[in-house]
Amino acid sequence: ISLGSTRVIVSSHPETAKEILCGSAFSDRPIKESTHLLMFDRAIGFAPSGEYWRHIRKIASYHMFSPRRISSLEGLRQSIVDNMIGEVWMEMNERGFVELRGILQKGSLNNMLESVFGSSDFGLNNRGYELGLMVKEGYELIGEFNWADYFPLGFLDFYGVKRRCNKLATRVNGLDQLSDADMVAVLWEMVFRGIDNVAILLEWIMARMVVHQDIQKKVQHEIDMFTGPNIQIHDSDIANLPYLQAIVKEVLRLHPPGPLLSWARLSTHDVFLDKCFIPAGTTAMVNMWAIAHDPSIWLDPWAFRPERFIEEDFSVLGSDLRLAPFGSGRRVCPGKAMGLATVHLWAARLLKQFKWVPSQPVDLGECLKFSLEMKKPLVCYAVTR
Ligand code: HEM
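The structure presented is a predicted model; accordingly, all values stated were derived computationally and were not measured. (Residues numbered from 1 in each chain as written. Predicted model: local features only at pLDDT ≥ 70, side-chain atom pairs only at ≥ 80, totals over all residues.)

## A short note on the overall build of the chain
(1) Moving on: For the chain, the helix and strand inventory stands at 15 helices and 11 strands.
(2) Moving on: When the 385 residues of the chain are sorted by exposure, 40% land in the buried category.
(3) Moving on: When contacts within the chain are restricted to residue pairs at least 6 apart in sequence, long-range pairs at least 24 apart make up 73% of them. (Helix = DSSP H or I, 4+ residues; strand = E, 2+ residues; numbered from the N terminus. Buried ≥ 20, exposed ≤ 12 C-beta atoms within 10 Å, placed from the backbone. Contact = placed C-beta atoms within 7 Å.)

Right, here's the structure in full:
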């Protein structure tokens with residue numbers, strides 16, 4: 001497809017997806033004018049492949065995403081889900097129903113702020129609130145830029161968006177007195193990328209549990225059998241909850257938060273892809289949503305059936321392109337283990353604590369902003385078990 005001055009190819013097949021994500025021909029990021037404005041060119045996700053990208057990715061892997069670091073943050077995840085459970089109680093008492101989105105977003109924001117800055121002070125005071133607002137604005141701007149990058153100027157208020165980006169970048173820089181711009185960009189990126197995906201995925205999981213009461217019952221039985229009535233669930237228990245893991249995989253299949261694998265690749269030289277000639281400089285995207293709904297790959301693809309992952313289990317961490325919601329290859333999501341640890345623990349605790357019941361028909365309509373969200377927030381009852 002030609003979009004403005006940009007040539008784009010979109011793969012909807014695991015074979016070509018693998019070539020794009022893991023092959024040597026598509027090794028770079030398309031540099032967009034927008035990314036520079038948001039100072040994101042210094043962040044891991046936007047930095048072109050090269051020494052700088054390798055360096056910051058290595059540092060982040062060691063300090064932020066190592067198994068040791070992730071498990072050291074379990075206490076934080078537990079205390080945040082304790083708070084979320086308290087808030088669910090309160091909403092049920094005060095309003096008679098629960099709208100989970102706000103609770104999940106706040107929990108996820110505090111989780112990332114405290115994981116990244118290592119201080120509950122940051123997460124709970126006004127600066128945390130201010131950063132939350134900035135993240136929200138950043139998502140909006142990136143959403144607008146996704147279009148502005150591909151359409152002729154003038155189609156949108158391009159310069160208005162630019163101005164807002166510059167202002168936002170100044171506010172982010174001013175928030176903390178860190179002098180190192182690279183560090184600010186990377187820390188900001190962690191917060192920015194970590195919050196939304198986790199909250200959105202959890203809202204989809206809980207929506208599916210409200211819709212499929214039989215599946216909810218089955219997973220609660222699994223959790224009860226393994227942990228007993230008054231015993232707290234820990235990260236280490238998740239390995240023994242295969243049905244819970246299968247539910248998370250099935251939600252990642254039907255509602256991948258990054259359906260186009262978020263950020264594209266750029267072909268660095270001419271290449272043939274499935275007999276199709278792709279000139280150097282072409283932007284290549286993978287449509288993971290289409291692959292995950294393809295009837296030639298998945299039996300009954302529209303059905304929500306976690307059992308499929310019990311019958312044939314495989315990793316969703318990037319080795320099998322039938323389902324790679326975290327991407328694959330060099331640019332695979334470095335936060336995947338941390339994201340999954342959070343989602344598994346919080347889903348298990350919320351399901352153990354409450355029975356989730358529809359208060360009105362659940363609308364499973366999707367809306368693609370920066371991530372693939374539920375079009376209408378989930379509203380339901382939470383009944384103590
Ligand atoms: C359920 C949670 C998450 C999902 C579904 C998700 C999904 C993704 C996807 C699809 C990509 C693009 C991969 C590619 O281009 O091949 C990505 C990249 C990235 N993610 Fe995640 N992510 C999640 C959680 C997180 C968390 C918690 C963090 C950080 C705290 C994070 C940080 C990043 C970064 C830094 C990149 C860019 C990597 C690079 O370009 O080298 N993600 N993520």
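## Digging into the nonpolar core
(1) Moving on: Ranked by size, the top nonpolar core spans 72 residues in total, and within it L202, I205, M206, A347 and A348 carry the most contacts.
(2) Moving on: Per element, the largest residue contribution to this core is 15 residues, and it comes from helix 10 (residues 181–211).
(3) Moving on: For L202, the residues in contact, after removing those within four places along its chain, are L104, V343, W346 and A347. (Core = buried A, V, L, I, M, F, W, Y, C linked by C-beta atoms within 7 Å.)

## A look at the site of the ligand
(1) Moving on: G194, G327, C333, G335 and G339 are the nearest of the 28 residues found near the ligand.
(2) Moving on: Listing elements by their share of the shell around the ligand, those giving two or more residues are helix 10 and helix 15 (336–353).
(3) Moving on: Broken down by element, the residue count for the shell around the ligand peaks at seven residues, all from helix 10.
(4) Moving on: Taken together, the residues that form the shell around the ligand break down as 15 nonpolar, nine polar and four charged. (Near = placed C-beta within 6 Å. Nonpolar A, V, L, I, M, F, W, Y, C, P; charged D, E, K, R; others polar.)

## Thoughts on the environment of S79
(1) Moving on: When you line up the elements, S79 lands in helix 5 (residues 74–95).
(2) Moving on: Here S79 falls in the partly exposed class, since 14 other C-beta atoms lie within 10 Å of it.

## Some points on helix 12 (residues 242–254)
(1) Moving on: Over its 13 residues, helix 12 extends 18 Å from the first C-alpha to the last, a length consistent with the 18 Å expected when each residue adds 1.5 Å.
(2) Moving on: Across the 13 residues that make up helix 12, a large majority, 11, are buried.
(3) Moving on: Those residues of helix 12 that sit buried are L244, Q245, A246, I247, V248, K249, E250, V251, L252, R253 and L254. (Expected span 1.5 Å × (residues − 1).)

## Looking at helix 15
(1) Moving on: Relative to the 26 Å expected for 18 residues at 1.5 Å per residue, helix 15 spans 26 Å between its end C-alpha atoms, a close match to the ideal helical length.
(2) Moving on: Three or more residues of helix 15 are buried, namely M338, G339, L340, T342, V343, H344, L345, W346, A347, A348, L350 and L351.

## Overview of the environment of I9
(1) Moving on: Topologically, I9 is positioned in strand 2 (residues 6–11).
(2) Moving on: For the pair I9 and M285, spaced 276 residues apart in the sequence, the C-alpha separation amounts to 6.2 Å.

## Thoughts on the packing of helix 11 (residues 213–227) against helix 15
(1) Moving on: One can describe the packing of helix 11 onto helix 15 by two numbers: an axis separation of 10 Å at closest approach and a directional angle of 100°. By the criterion of interaxial angle, the relationship of helix 11 to helix 15 is roughly perpendicular. Residues Q216, V219, Q220 and I223 of helix 11 lie in contact with helix 15, whose contacting residues are A348, L351 and K352.
(2) Moving on: Tallied by class, the residues present in the contact of helix 11 with helix 15 amount to four nonpolar, two polar and one charged. (Axes fitted to C-alpha atoms, helices over the stretch in contact; angles between N-to-C directions. Parallel < 35°, antiparallel > 145°, perpendicular 65-115°, else oblique.)

## Quick word on the packing of helix 11 against helix 12
Any two packed helices are characterised by the angle at which their axes cross and by the distance between the axes.
(1) Moving on: One can describe the packing of helix 11 onto helix 12 by two numbers: an axis separation of 8 Å at closest approach and a directional angle of 140°. By the criterion of interaxial angle, the relationship of helix 11 to helix 12 is oblique. Seen from helix 11, the contacting residues are I215, K218, V219, E222 and I223; seen from helix 12, they are Y243, L244 and I247.
(2) Moving on: Among the residues forming the contact of helix 11 with helix 12, the class breakdown is six nonpolar, no polar and two charged.

## Considering the confidence of the model for the chain
(1) Moving on: Mean pLDDT over the chain works out to 83, with 76% of the residues at or above the 70 mark.
(2) Moving on: Scored below 50 in pLDDT, residues 145–156 makes 18 contacts in the model with residues more than four places away or belonging to other chains. (pLDDT = per-residue confidence, 0-100.)

## Observations regarding the sheet that holds strand 3 (residues 98–99)
(1) Moving on: Sheet architecture is open: three strands sit in the order 3-11-8, paired in antiparallel fashion. Each edge of the open sheet carries a strand with a single partner, namely strand 3 and strand 8 (354–358). (Pairing = 2+ DSSP bridges.)

## Overview of unusual backbone geometry
(1) Moving on: Look at D274: it is not a glycine, yet its phi comes out positive at around 50°.
(2) Moving on: When you line up the elements, D274 lands in the loop between strand 5 (271–273) and strand 6 (276–278).
(3) Moving on: Judged by the 10 C-beta atoms lying within 10 Å of it, D274 falls in the exposed class.
(4) Moving on: For K275, which is not glycine, the phi dihedral falls at a positive 70°.
(5) Moving on: With respect to the element layout, K275 can be found in the loop between strand 5 and strand 6.
(6) Moving on: Accessibility expressed as a C-beta count within 10 Å gives 5 for K275, which makes it exposed.

## Quick word on the environment of M64
(1) Moving on: Within the secondary structure layout, M64 lies in the loop between helix 3 (51–63) and helix 4 (67–72).
(2) Moving on: Those residues within four positions of M64 in sequence are excluded, and the remaining contacts are R69 and M190.

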